[in-house]
Amino acid sequence: MISREYEHSREAIFEFLLQCAEQLPHKIPFFGVLIGLINLENEDFAKDIVDTTQAKLQDALHNENRDRIRILLRFLSGLMCSKVVVPNSIIETFETLLSSAATILDEETGNPSWQPRADFYVYCILASLPWGGPELFEQVPDEFERVLVGIQSYISIRRHFDDIAFSVFETDEGHSPNKKDFMEDLWERIQILSRSGWKAKSVPKPHLPFEAQLVAGKSHRLSLISCPPPNLTLTSSEILRGQEKHEADLKYPQRLRRLHIFPTNQAENMQPVDRFVVEECILDVLLFFNGCRKECAFYLVSLPVSFRYEYLMAETIFSQLLLLPNPPFRPIYYTLVIIDLCKALPGAFPSVVVGAVHALFDRISNMDMECRTRLILWFSHHLSNFQFIWPWQEWSYVKDLPKWAPQRVFVQEVLEREIRLSYFEKIKQSIEDAAELEELLPPKAGPNFKFLSDESTENTDGHKLSKELVAMVRGKKNVRDIILWVEEHVIPTNGAEFALDVVSQTLLDIGSKSFTHLITVLERYGQIISKLCPNEEMQLLLMDEVSAYWKNSTQMTAIAIDRMMGYRLISNLAIVKWGFSPANVEQFHVSDRPWEILRNAVSKTYNRISDLRKEIQSLKKGLQVAKEVSAKAIKELEEAKSVLEIVEGQPAPAERPGRLRRLQVHADKAKEEEVTTEESLEAKGALLARALEENKELLKLLFKRFVDVLTERLPAVSADGEIPNLRAGYQNVNFASQDLETATMEIDNENGADKNSEPNGQNTKNDYNVGELEQWCLCTLGYLKSFSRQYATEIWSHIAMLDEEVFVGDIHPLIRKAAFSGLCRFTNEGSQL
């Protein structure tokens, strides 16, 4: 049928087949057989398919479309297996990619900063060998051996990539010099496949039953491809070279960092290359069905392999969810896919997910802080889709752990997030079988209004003024009148701080019914708060008031502060200073509350810069169009004016006056549009410059505060220069003798409260026992590391400033290592800067 329709719908058929191959790459062998059978009857059709595929591959190489390059190479391998493509053409394509990769690594003719591109080219070759290797080994063994030798040579000269800064688990394993990176591991898997005779169970071979027929078809040659030349660097600046390397990493990122969750005796027993092939198929489905969750789940459970792979599928999905510094897609996508997989495989996958959660929970103390946060958000959302059912009694023992123990904090944060997605009573009911965990539930959410009226307090000044302010709001008094009332009746008598106390608490109470009420209050009466908070000192007091009012709701505290920053009532610098206030520092290891607010502030600042850059890019394109339109309009007007005719012996415009007026109006409007766009571009440029300066100051302050609090608490380096191992326990953590007094804490009692703690959670003593101090340092260093990875580009661009103004003097090695852990993408020694 396809052959019959070829003459009428050639382009549509090509597009359809190539789209199927690209978006269902795990079925490429079947598409290859289909085209091979058509090739027996219509050689021109198959030749056009081959030529079109080669043209698309060439285009993808020059446009740096990674996924298309990888999949088209696999498709060509599938066509070769069906006798549609000459094997020597595949060898030539591989050798072209290998030659380009080797050139990139050459110091003189290439640019080693772009090793990620070279790695990607070789990875594409290796990734296609499970699909086409058997045919190449059988038909062109000598040429194929030459390719394998070339790959071995490349592996031997490339720089090993140590991605310890991007590991999910923070252990010492990544420091082993013998640990293989992704390319070395893949090459080892291919070598094992080679020794086993190129037999891979995971690759379907539908061409074998048709082999006697397919050999009768004509095999077509591929035109030679060309790779884009290496990006030569003309600078000796280490900063610019680092930015270049980072750009290469962003364009050619490592596709997968394996996360081994299950023990080998529990997961599926499969050959190394089969694991790689199934991982690739899973990642392909996740890639092409992003946004189509049900279709994604359907194809994930129906991969064309002859063995079970539920455990591998769970590990692959979790590896993407926890991928650092960012997952390929939004975490919610993976959450929905896991939910649909549980529904699609009700007898198998839910138990696998349960096993994965237990395995990750057992290792939670070694998990990266960013990954721990993502796991908490995923798990709480996942449970909300299954009626919050979980065998909590298996984790009830965490109640007896210290309040700072990672497992206890994990359970506590999951329960808090569940309440955000449901309500207090529902979550309390869900843990009935583990009643001991009720004390880990946060207080029942609700406002803590300081000026709530009752008989004993309603006569105080604060209560009276609060009532008066409420009456003014309900009476629709305008903002100017309220500000005048505050300035004339409240501040002179009680002071600015008291006025802020009354106004902020009252307005928060008015807006406490819902998120919408809060937004409305801030929009209408934000000017009053702005008038009372002209400096950071008052803004810090304002955040204290917000935190006090919503002390029983972490969510509303974060939302209120975030919205206030959005309305410019609070600066990002003030939020960082408040986040590192003593009361919040004490919570760094026992609650996500201060970290959530800090993350929001830094993220909003960065997003503002990203948005401005996108707007500027759009305006630049618009300005170019406006200039072209304006030039064209002026040219048309001038041409019309230049056409003359003789009227009564005098030259006069030949065009009618009406048309000239229209052309003049059009030219004026086009010029006005050009000027307006140019002015908008200048304004956005000024805003961007200001935002970049703000971001620079924010990073400086953020890292300065990290350095200050960590320097106070980290154990000192030993006299012989040995860096303390915080994970080794009490015996291996040696504290300076002068700090022993401030490094002790009363042992936690059975309900997790410190004997010296006050009802509001603030300790009367700034002291810890050694285990808690160790955990506090690990958590704080972990979050410093997270910020370093997330905003590595900004850190690198300001590296000189940070070294001169923040990381001065004798900085603790652990602080420096965490602060620059994200910079390994910029320099080979990033983690040791």
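Cut-offs applied
Sequence order as written defines the numbering, with residues in each chain counted from 1. Reporting of local features is limited, given that this is a predicted model, to residues whose pLDDT is at least 70; pairs of side-chain atoms are given and counted only at 80 or more, and all residues count toward the totals for whole chains, interfaces and linings. Water and hydrogen atoms were dropped before computing side-chain values, which therefore reflect all heavy atoms in the structure. The helix count covers DSSP runs of H or I at least four residues long, the strand count covers runs of E at least two residues long, and both are numbered beginning at the N terminus. The classification of residues rests on relative accessible area computed with a 1.4 Å probe and restricted to protein chains. Under 20% of the type maximum is buried, over 50% is exposed, and intermediate values are partly exposed. Residues are treated as being in contact if the distance between any of their heavy atoms lies within 4.5 Å. The Shrake-Rupley method, run with a 1.4 Å probe sphere, supplies the accessible areas, and residue values consider only the shown protein chains as cover. To obtain each axis, a line is fitted to C-alpha atoms, and for helices this fit is confined to the stretch in contact; angles are then taken between N-to-C directions over 0 to 180 degrees. Here roughly perpendicular refers to angles of 65 to 115 degrees, roughly parallel to angles under 35, roughly antiparallel to angles over 145, and oblique to all remaining angles. Residues are grouped as follows: Ala, Val, Leu, Ile, Met, Phe, Trp, Tyr, Cys and Pro are nonpolar; Asp, Glu, Lys and Arg are charged; all remaining types, including Gly, are polar. Classification of ring pairs uses Phe, Tyr and Trp, with its six-membered ring standing for Trp, and accepts pairs whose centres are within 6.5 Å; under 30 degrees between planes counts as stacked, over 60 as edge-to-face, and the remaining range as tilted. By convention a nonpolar core is built from buried Ala, Val, Leu, Ile, Met, Phe, Trp, Tyr and Cys residues, the set being connected through side-chain atoms within 4.5 Å. Only one rule defines a salt bridge in this text: a Lys or Arg side-chain nitrogen within 4 Å of an Asp or Glu carboxyl oxygen. Any cysteine sulfur atom paired with another within 2.5 Å is treated as part of a disulfide. Each helix should span, by expectation, one fewer than its residue count multiplied by 1.5 Å. Polar contacts, as counted here, are pairs of nitrogen or oxygen atoms within 3.5 Å of one another; within protein the pair requires one atom able to donate a hydrogen and one able to accept it, and residues that are adjacent in sequence qualify only if both atoms are side-chain atoms. The pLDDT value expresses, per residue, how confident the predictor is, ranging between 0 and 100. Left-handed is the label given to a crossing in which the near helix is rotated counterclockwise from the far helix by less than a right angle, and right-handed is the label when the rotation is clockwise.

### Considerations on the overall build of the chain
- Check the secondary structure of the chain and you find 33 helices and 2 strands.
- Counting over 833 residues, the chain shows a buried share of 52%.
- Of the contacts made within the chain by residues no fewer than 6 positions apart, 75% connect residues no fewer than 24 positions apart.
- For the chain, the computed accessible surface area is about 38,600 Å², with 51% contributed by carbon and sulfur atoms.

### Describing the packing of helix α2 (residues 10–23) against helix α5 (residues 66–81)
- Axis separation between α2 and α5 bottoms out at 9 Å; the angle between their running directions is 110°. With respect to each other, α2 and α5 are oriented roughly perpendicular. Packed against α2, whose contacting residues are L18, A21 and E22, the element α5 presents R68, I71, L72 and F75 at the interface.
- The residue inventory of the contact of α2 with α5, partitioned by class, reads 5 nonpolar, no polar and 2 charged.

### With respect to the packing of aromatic side chains
- Per the counting criterion, the structure on display carries 36 aromatic pairs.
- Measuring from ring centre to ring centre gives 6.2 Å for F120 and Y123, while their planes differ by 45°; the resulting arrangement is tilted. One end of the pair is F120 and the other is Y123, both in helix α7 (residues 115–139) and 3 residues apart, which spans about a single turn. An identical accessibility class is assigned to F120 and Y123; each is buried.
- Each ring, one from F262 and one from Y311, has its centre 4.8 Å from the other, and the planes form 85°; the classification is edge-to-face.

### Observations concerning the nonpolar core
- Grouped together as the largest cluster of nonpolar side chains are 146 residues, with contacts concentrated most on F318 and W392.
- Top element by residues in this core is α7. It accounts for 12 residues.
- Each residue touching W392, except ones within four places of it in the same chain, is listed here: F379, L383, V411, V414, L415, E418, S430, I431, A434 and L437.

### Notes on the pattern of salt bridges
- Taken as a whole, this structure holds 53 salt bridges when the rule is applied.
- Put simply, K700 and E805 hold a salt bridge, and the shortest N to O gap is 2.9 Å. With K700 in helix α29 (residues 657–713) and E805 in helix α32 (residues 799–805), the pair connects residues that are 105 residues apart, well separated along the chain.
- Under the relative-accessibility criterion, E805 is labelled partly exposed at 40%.

### Focus on the state of the cysteines
- In the structure shown here, the tally under the stated rule is 0 disulfides.
- Left without a disulfide partner, C292 is nearest to the cysteine sulfur of C296, which lies 8.7 Å away.

### Considerations on helix α4 (residues 43–63)
- A rise of 1.5 Å per residue sets the reference length of α4, with its 21 residues, at 30 Å; its end C-alpha atoms lie 30 Å apart and thus fit the reference within 8%.
- All of the buried residues in α4 are F45, A46, D48, I49, V50, T53, Q54, K56, L57, Q58, A60 and L61.
- With a side-chain oxygen positioned 3.3 Å from the backbone nitrogen of D44, the residue opening α4 is N42.
- One or two positions beyond α4, positive phi appears at E64, with a value near 55°.

### Notes on the side chain of Q505
- You can see Q505 is positioned in helix α22 (residues 496–510).
- When neighbours within four sequence positions are excluded, Q505 is seen to be in contact with N448, F449, K450, F451, L500, E545, A548 and Y549.

### What about unusual backbone geometry?
- With an omega of 5°, the peptide bond between L324 and P325 qualifies as cis.
- With respect to the helices and strands, P325 occurs in the loop between α14 (310–321) and α15 (331–344).
- In this structure, K83 takes a positive phi of about 65° despite not being glycine.
- With respect to the helices, strands and loops of the structure, K83 is situated in the loop between α5 and α6 (87–105).
- Under the relative-accessibility criterion, K83 is labelled buried at 11%.
- Notably, R568 is not glycine yet its phi reads approximately 65°, a positive angle.
- By secondary structure assignment, the location of R568 is in the loop between α25 (554–566) and α26 (572–579).

### A short note on the confidence of the model for the chain
- On average, the chain scores 86 in pLDDT, and the residues at 70 or more come to 89%.
- Note that pLDDT drops below 50 for residues 829–833; the model gives that stretch 10 contacts with residues more than four away or on any other chain.

### Describing the packing of α26 against helix α28 (residues 593–642)
- Where α26 meets α28, the closest approach of the two axes is 10 Å, and the angle between their N-to-C directions is 160°. Comparing the axis directions of α26 and α28 gives the class roughly antiparallel. Along this stretch, α26 crosses α28, giving a crossing that reads as left-handed. Between α26 and α28, the contacting residues are N572, I575, V576, W578 and G579 on the first element and P594, I597, L598, A601 and T605 on the second.
- Counted by class, the contact of α26 with α28 contains 7 nonpolar, 3 polar and no charged residues.

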